[in-house]
Structure formats: structure tokens, C-alpha cells
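Overview (structure and organization)
The primary structure of each chain is shown beneath.
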Amino acid sequence: MSITRRSARRSVRILGVASATAALALGVAGQALACNISEFKAEAKCDGDKGVIVVTDYDASATPAEITVFLENNGADAKQVGAPQKVKGSAEGTTVTFQENWKPDATYRIHVKAGRVDDDITPNLVTQSTACKKEESSTPTAPASRTPKPSKSTPASTPTPSASESTSSAPAAPASNAPSPATGDSNLAETGANSNTGLIAGVAGALVVVGGGAVYFGMRRRGAKAGS
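Structure report, in brief. Quantities reported herein were computed from a predicted structural model and do not represent experimental measurements.

1. Focus: the state of the cysteines
Applying the stated criterion across every chain yields a total of one disulfide. One disulfide in the model links cysteine 46 with cysteine 132; its S-S distance is 2.0 Å. Residues cysteine 46 and cysteine 132 are joined by a disulfide whose S-S torsion is about -85 degrees; by sign, that bridge is left-handed. With cysteine 46 in strand 1 (residues 40-47) and cysteine 132 in the loop between strand 9 (125-126) and helix 2 (163-169), this pair connects stretches of sequence that are 86 residues apart.

Next up, the structure:
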């Protein structure tokens, strides 16, 4: 046998071994990338005041999967939650959401069908012990103040004005237009004389003056006659 034939046989054997090794490696890699039930995670969450069930697929091979959720009661399916939903996983995780107003401490079974996987997520999902509540405002609004109304049986008391207020608020007496009496009239009134006394006294004085003048002129005339 020539050297050329021996070399060709050796080359074929080497290629065969390499191909088998590659196929084995690809098979192991395929099994490693295949979908696994451990790559699925279920959670019970709140969307406002309503409950939801969220299932996340972390399958990096992006194998199409179908998720079905069941409410459990004493180990048996009580009802199916909505319709099955399909998802393709990713290394970061791809989620699907089921609208379910779950009750506290409720149990749900989540079934996954993806490639060779046809199994439930274990353990079953048990919801939290507190139901979803509506989020309250961080700044409460202060209630409007109310002014108390006076009781009908007790009349409102009227405030009594003080002495200074009553004195200052008293109306001033109107000024009189009549002339004030003279000092002399006041004294005469006290002695009982009437208001004509002053006039009479004036007339009497004038008569005295006139009489005195008449006596004086009469005496001068008499003196003049005697001298002639």
C-alpha cells in the first residue's frame, strides 16, 4: 500500500472523530439551551387596588411557551384564570400578566408548555396575606372648619355698654336761643321785684334832674330882679 493511501485513510479517520466530537458538543449545547421549568417564575402583585398574577420567562433560547393559571382549592383546580397566554423568554426575562383579583393566602397552579417542557412551576404560588388597597395621598387634605351655631334655647347675650361708652354716646343738649338773664334781674327776682323797676328808677332820676334845674334857674331870676 502506498504512502498516499495511508495518509488518505488517516485523514478520513481524523475527520470522522472530529465530526462525532462536534455532534456530541452540539447535542450537549442544545440540551443546555433547551427550555427548563426552572426558568419560569410566578408572582402575585397589585395594580392599584386590583390584583394581578405575573409570570416571567427567563429562557434564553426564546422557546415559545404557553402559560396557564389555575386557582386551587383543597389541592384541586377550582377555576382557570383567563385564557392561556403565549410568551417567548429572554435572558433578561419576558413577562405575561393575568388579571386576577386574588384573595389573601390563595393558592394558584401555573402550568407551562414549552418544547419538551410540560410541567407546573413548583411550588405553587401562594398570595400574600394582605389584599391590594388603593394608594392614599401622601398629603392628607385638612377638613373644612365649621363655625358652631348658637343654641336655640340660649339667646345670644347683648353686651352692656361701659360707663365711658354710655357717657360719650349720650346726645348733647340743644343750645337755647333765649338770652341769659342779667345779674341785676337775678337779684331782683330773688327779692320779689318785677322787671319794670329799672324803668321806674330811671324816670324818677330824670325828674329829679329836671326839678333841680328848675330850682336853679328860679333862684337866678330872683337874684337878677333884686339886683335891678
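So that's the structure; there's more coming.
2. Some words on the nonpolar core
Membership of the largest hydrophobic core comes to 24 residues, with the highest contact counts inside it found for Phe40, Val55, Ile67, Phe98, Tyr108, Ile110 and Val112. Counting residues per element, the ones that place at least two in this core are strand 1, strand 2 (50-57), strand 3 (64-73), strand 6 (94-99) and strand 7 (107-114). Leaving out residues up to four positions away in the same chain, valine 55 has contacts with Lys41, Ala42, Ile67, Thr94, Thr95, Val96, Phe98, Ile110 and Ile121.

3. Some remarks on a nonpolar patch on the surface
Among the surface-exposed residues, Leu199, Val203 and Leu207 lie close enough to one another that they form a single nonpolar patch of about 320 Å² accessible area. Looking at the secondary structure, you find leucine 199 in helix 4 (residues 197-227).

4. Observations regarding the sheet that holds strand 6
Within a beta sheet, neighbouring strands are joined by backbone hydrogen bonds and run either parallel or antiparallel to one another. The three strands lie next to each other as 1-2-6, forming an open sheet whose pairing is antiparallel. This sheet does not close on itself; its edge strands, each paired only once, are strand 1 and strand 6. On average, adjacent strands in this sheet sit at an angle of 25 degrees to one another, irrespective of strand direction. Pairing of strand 1 with strand 2 involves eight bridges; the strand directions are antiparallel. If you follow glutamate 43 over to strand 2, its bridge partner there is valine 54.

5. A closer look at the pattern of salt bridges
Considering all chains together, one arrives at five salt bridges under this definition. Where aspartate 77 meets arginine 109, a salt bridge forms, and the shortest distance between an N and an O atom there is 2.7 Å. With aspartate 77 in strand 4 (residues 76-80) and arginine 109 in strand 7, the pair connects residues that are 32 residues apart, well separated along the chain. Taking relative accessible area as the criterion, arginine 109 reaches 17% and is therefore assigned buried.

6. A word on the pairing of strand 8 (residues 117-120)
Relative to strand 8, strand 7 runs antiparallel, the two sharing four bridges. If you follow lysine 113 over to strand 8, its bridge partner there is aspartate 118. Between strand 7 and the antiparallel strand that follows it, strand 8, lie two residues; glycine 115 among them carries a positive phi value of about 60 degrees.

7. Concerning the pairing of strand 7
When you tally the buried positions in strand 7, you get six out of eight residues, the bulk of the element. Relative to strand 7, strand 3 runs antiparallel, the two being bridged by seven bridges. Within strand 7, the residue paired with leucine 71 across the bridge is tyrosine 108. With two bridges connecting them, strand 7 and strand 9 associate as antiparallel partners. Looking at the pairing, threonine 107 lines up with valine 126 of strand 9.

What counts and what doesn't
- Residues numbered from 1 in each chain as written.
- Predicted model: local features only at pLDDT ≥ 70, side-chain atom pairs only at ≥ 80, totals over all residues.
- Heavy atoms only, no water.
- Disulfide = S-S within 2.5 Å.
- Helix = DSSP H or I, 4+ residues; strand = E, 2+ residues; numbered from the N terminus.
- Core = buried A, V, L, I, M, F, W, Y, C linked by side-chain atoms within 4.5 Å.
- Buried < 20%, exposed > 50% of the residue type's maximum accessible area, 1.4 Å probe, protein only.
- Contact = heavy atoms within 4.5 Å.
- Patch = residues over 30% accessible without salt bridge, like charges linked within 9 Å, V, L, I, M, F, W, Y side chains within 5 Å.
- Areas by Shrake-Rupley, 256 points an atom, 1.4 Å probe, with all protein chains shown as cover.
- Salt bridge = Lys/Arg side-chain N within 4 Å of Asp/Glu carboxyl O.
- Pairing = 2+ DSSP bridges.
- Axes fitted to C-alpha atoms, helices over the stretch in contact; angles between N-to-C directions.

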